[in-house]
Amino acid sequence: MTPGEPPRRPDASDAPPSRIDAPAPRAPLSREMLAAAEAVADLLAGHRLPDALDARTASLPAASRAPARDMAYHAVRRLGRLQALADRLNTRRPLPRMAALQLVALAQLLEPIRPAAIVVDQAVAAARSLSRGPGGAAAGFLNATLRRFGRERDVLLAAIAGDPVARYDHPDWWLRRLAEAWPERWEAIAEAGNLQAPLVLRVNRRLAEPDAVAARLEATGIHVRRIGPEALVLERALPVDAIPGFADGDVSVQDAGAQMAARLLDVAAGHRVLDACAAPGGKTAHLLELADIDLLAIDVDAARCQRIEQTLARLHLPAGDARVEVRAADASRPDTWWDGRPFDRILLDAPCSASGIVRRHPDARWLRRRGDIATLALQQARMLEALWPLLSPNGKLLYVTCSVFPEEGEAVVHRFVEARTDCVREPLTWRWADGVCEPVTQLFPQSGAIREHDGFFYACLTRRQ
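Residues numbered from 1 in each chain as written. Predicted model: local features only at pLDDT ≥ 70, side-chain atom pairs only at ≥ 80, totals over all residues. Heavy atoms only, no water.

## Here's the deal with the sheet that holds strand E4 (residues 251-253)
- One open sheet accounts for 4 strands, arranged E2-E3-E1-E4; its pairing is antiparallel. Each having just a single partner strand, strand E2 (224-226) and E4 make up the two edges of the open sheet. Strand after strand, the sheet turns through a mean of 30 degrees between neighbouring axes, direction not considered.
- The pairing of E2 with strand E3 (residues 231-234) spans 3 bridges and is antiparallel. Looking at E3, one finds that Val224 is bridged to Leu234. (Pairing = 2+ DSSP bridges. Helix = DSSP H or I, 4+ residues; strand = E, 2+ residues; numbered from the N terminus. Axes fitted to C-alpha atoms, helices over the stretch in contact; angles between N-to-C directions.)

Written out as C-alpha cells, the structure reads:
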C-alpha cells in the first residue's frame, strides 16, 4: 500500500489458495445423465427442451446444469440415428424415461468425450436410481444394450446408414418437404441444421461502436470476426456473463440473420413503428438502438412481454428521443388494441415452424408435425391481412419468418400481393462485411468466414397511396 492510500478491503484475491482454486461442486455424472434423460423424455412427450431442462436441472448443483444441458442437446441433435440404433438394440420398447436414458448414453458413446467404461458405469448407476427398488432388471437391460453397441458399433452403424432419418437426424416428413421445396440443396439444409450454432453478438450503437467492442474483446483474449453492421461472431462460445460489456448493455446475443430485420425495415427518426410478435425483444431493441422512433411492441404472451422489458432495461433503452410501449396483445386482433393512428413501419416477425433455426433449437424439428405447416401458414396470412390496414400510405411492412419452408414465406407473400392493388413488393439487398451485396429473400442456414447466419425469409411490402 502506497503512502496515503486508504486501507484496501479484503476481496476474493485475499482468500487462501484452496478457496480460490477449488472447483465448484458437481453432482455425480449419473445424476447429470439422469437429468438430461428426463428432459429428453419430456421432449419426446411434447415439451420444449429448454423448459424441460429448466425443470429437470433445478435440483442439480449450479456447476452440473451446463453439463446436463450439453448432454441433452447432444442427444437431441442426433435423435434420428440414436432412435434407429435403439430400435436395433432393443427386443422390446423400454419405458419412456429408461428409453431416454439409453438415448443419452448412446449419444455419449457415439461421439466419445469420455471413456466408454465410465459412460456405461454411470448410465447403469442412473438406471438404478431411476427404478424403484434394486433396479436390477432396468440396470441389466441398459448395461447389456450399451455393451452390445460397443462390441457391434460398426455393424450397427452400417445397418442404419441407408435410413434418411438416421443419416440427417430430421423427421421423415420434414426431409420430404425439404426435398420437394429445394431439390438441389435439401441435403445441405438438413446437414446445416445439425451444426453447432456460433455465438453472435449485436453491438448496441447507443452505447458502443462495433470496432471498439471487437478490440476490447480481443484484448481480453476473446477472438471475434465482424460479419455485419453490428454483428460480431465469437470464435468460441462463452456464457454471456463472461462476455465483457454484456451486463452493461453494450452487446446482445442475436444471430446475424435476425439482425437484418431492423436495418431492412429502414426506420428513421420520428417514425411510428409497430413490432408485432416482438418477444423476446431482440429485434425490438435493435430498432431502438438504430433510431429515435415511437415504437409499440406487442406479443400475445404477457409473460414474454416481461422478457422484452427486461431486455430493454439491460440495454438502457429507450434512449435519446425514442419512445417505446410494450403491450400484451394479439397481432391478428388489432380491434382490441389499435388506437387508430397509422404506422410508418410494421415488423411482422410471424410465428412459424422455426425450421430455419434448428441448429439453435434442435427440439423444434421433433416437436412439429406435418400438419403444423399449413396451420401456421393460415395464421401468418391472417396476421398479414389484419396488420396491413394499420400501415400509412407509402409505409413499409417487413414480413419475416425463421423458416426454410416456402409455404410459410414465399407462398404467403405471393398470395397476399396478388390479391391487392395497394401493395408493392420491394427488392431487398444486404451488404456483407466483405463488401459483397446480395439480394435477400430466402436465407438458408450458412456457416462461413463472412456469411454466418440461420435460415430466414424476408419480404418488404410498401403500401401505395
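## Some words on helix H5 (residues 79-89)
- Those residues of H5 lying buried are Leu79, Gly80, Leu82, Ala84, Leu85, Ala86 and Leu89.
- Looking at the buried side of H5, the elements it contacts are helix H2 (29-44), helix H4 (62-77), helix H6 (96-110), helix H8 (136-160), helix H9 (164-168) and helix H16 (364-367). (Buried < 20%, exposed > 50% of the residue type's maximum accessible area, 1.4 Å probe, protein only. Contact = heavy atoms within 4.5 Å.)

## Details of the pattern of salt bridges
- Scanning the entire structure with this criterion turns up 37 salt bridges.
- A salt bridge links Arg263 to Glu230, with the shortest nitrogen-to-oxygen separation between them at 2.5 Å. Residue Arg263 is found in helix H13 (residues 260-264), and its partner Glu230 is found in the loop between E2 and E3; the two are separated by 33 residues along the sequence.
- Residue class for Glu230 comes out buried when judged on its relative accessible area of 1%.
- A salt bridge links Asp266 to Lys396; its shortest N-O distance comes to 3.3 Å. Taken together, the residues Asp266 in the loop between H13 and strand E5 (272-276) and Lys396 in strand E9 (residues 391-401) connect sequence positions 130 residues apart. (Salt bridge = Lys/Arg side-chain N within 4 Å of Asp/Glu carboxyl O.)

## What about the pairing of E3?
- Burial along E3 is two-sided: the face carrying Ala231 and Val233 and the face carrying Leu232 and Leu234 are both buried.
- Of the strand pairs in this sheet, strand E1 (residues 200-203) and E3 are connected by 3 bridges, and their pairing is antiparallel. Bridge pairing in E3 links Arg202 to Ala231.
- Where E2 hands over to E3, the hairpin turn is made up of 4 residues, counted between the paired strands.

## Remarks on the nonpolar core
- Ranked by internal contacts, the top residues of the largest apolar core, which has 54 residues, are Leu287, Leu398 and Tyr458.
- Counting residues per element, the ones that place at least two in this core are helix H10 (172-181), helix H11 (186-192), H13, helix H14 (282-290), strand E6 (294-299), helix H15 (302-314), E9 and strand E14 (456-463).
- Apart from residues lying up to four places away in sequence, Leu287 is in contact with Ala262, Leu265, Val267, Val273, Ile293, Leu295 and Leu347.
- One finds Met33, Ala86, Leu89 and Leu103 within the second-largest nonpolar core, a separate group that totals 50 residues. (Core = buried A, V, L, I, M, F, W, Y, C linked by side-chain atoms within 4.5 Å.)

## Structural notes on the side chain of His453
- Looking at where His453 falls in the secondary structure, it is placed in the loop between strand E13 (442-443) and E14.
- The exposure class of His453 is buried, given its relative accessible area of 2%.
- Discounting residues that sit within four places of it in the chain, His453 has contacts with Asp255, Ala256, Gly257, Arg359, Trp432, Leu443, Phe444, Pro445 and Gln446.

## A closer look at helix H12 (residues 210-219)
- Turning to H12, its buried residues are Pro210, Val213, Ala214 and Leu217. Angular distribution of buried residues about the axis of H12 spans 100 degrees; they occupy a single face of the element. Away from its buried face by more than 90 degrees, H12 exposes Asp211 and Ala219.
- Residues of H12 that are buried sit in contact with E1, E2, E3 and E4.
- The positive-phi residue at the C-terminal boundary of H12 is Gly221, with phi of around 90 degrees. (Arc of directions from axis to C-beta.)

## Describing the packing of aromatic side chains
- Evaluation of the coordinates by the stated rule reveals 8 aromatic pairs.
- Ring geometry for Trp182 and Phe444: centres 4.9 Å apart, planes at 85 degrees, overall edge-to-face. With a gap of 262 residues between them, Trp182 in the loop between H10 and H11 and Phe444 in the loop between E13 and E14 connect regions that are remote in the sequence.
- For Trp182, a relative accessible area of 22% corresponds to the partly exposed category.
- Through a chain of ring-to-ring contacts, the aromatic side chains of Trp173, Trp174 and Phe405 assemble into a single cluster.
- Sitting above the plane of the Phe246 ring, Arg314 keeps its charged end 3.9 Å from the centroid. (Phe/Tyr/Trp six-rings, centres within 6.5 Å; stacked < 30°, edge-to-face > 60°. Lys NZ or Arg CZ within 6 Å of the ring centre and 35° of its normal.)

## A look at the side chain of Asp349
- Checked against the element boundaries, Asp349 lands in strand E8 (residues 343-349).
- By relative accessible area, which is 17% here, Asp349 ends up buried.
- Reaching out from Asp349, the side chain makes a polar contact with the side chain of Lys283 at a distance of 2.9 Å.
- Once residues lying within four places of it in the same chain are set aside, the contact partners of Asp349 are Ala276, Cys277, Lys283 and Val400. (Polar contact = N/O pair within 3.5 Å; in protein donor to acceptor, adjacent residues only side chain to side chain.)

## Thoughts on the packing of H2 against H4
- Where H2 contacts H4, the two axes come as close as 8 Å, and the packing angle between them is 45 degrees. Classified by the angle their axes make, H2 and H4 are oblique. Here H2 and H4 pass one another in a crossing that is right-handed. The residues of H4 that touch H2, namely those facing Leu29, Glu32, Met33, Ala35, Ala36, Val40 and Leu43, are Ser64, Pro67, Ala68, Met71, Ala72 and Val76. (Parallel < 35°, antiparallel > 145°, perpendicular 65-115°, else oblique. Left-handed = near helix turned anticlockwise from the far one by under 90°.)

## A short note on the packing of H5 against H6
- At a minimum axis separation of 10 Å, H5 and H6 run at an interaxial angle of 110 degrees. In terms of axis orientation, H5 runs roughly perpendicular to H6. Each of Leu79, Arg81, Leu82, Gln83, Leu85, Ala86 and Leu89 in H5 lies in contact with H6, whose residues at this interface are Gln102, Leu103, Leu106, Ala107 and Leu110.
- Along the lines of polarity and charge, the residues of the contact of H5 with H6 split into 9 nonpolar, 2 polar and 1 charged. (Nonpolar A, V, L, I, M, F, W, Y, C, P; charged D, E, K, R; others polar.)

## Quick notes on the pairing of E5
- In terms of burial, E5 is a largely internal element, 5 of the 5 residues being buried.
- Alternating residues of E5 divide into Arg272, Leu274 and Ala276 and Val273 and Asp275, and every residue in both groups is buried.
- Here 4 bridges tie E5 to E6, and the two strands are oriented parallel to one another. Bridge pairing links Arg272 to Asp294 in E6.
- In terms of handedness, the path from E5 via H14 over to E6 forms a crossover that is right-handed.
- As paired strands, E5 and E8 are joined by 4 bridges and run parallel to one another. The residue of E8 that forms the bridge with Leu274 is Ile346. (Right-handed = clockwise from strand over helix to strand, strands pointing away.)

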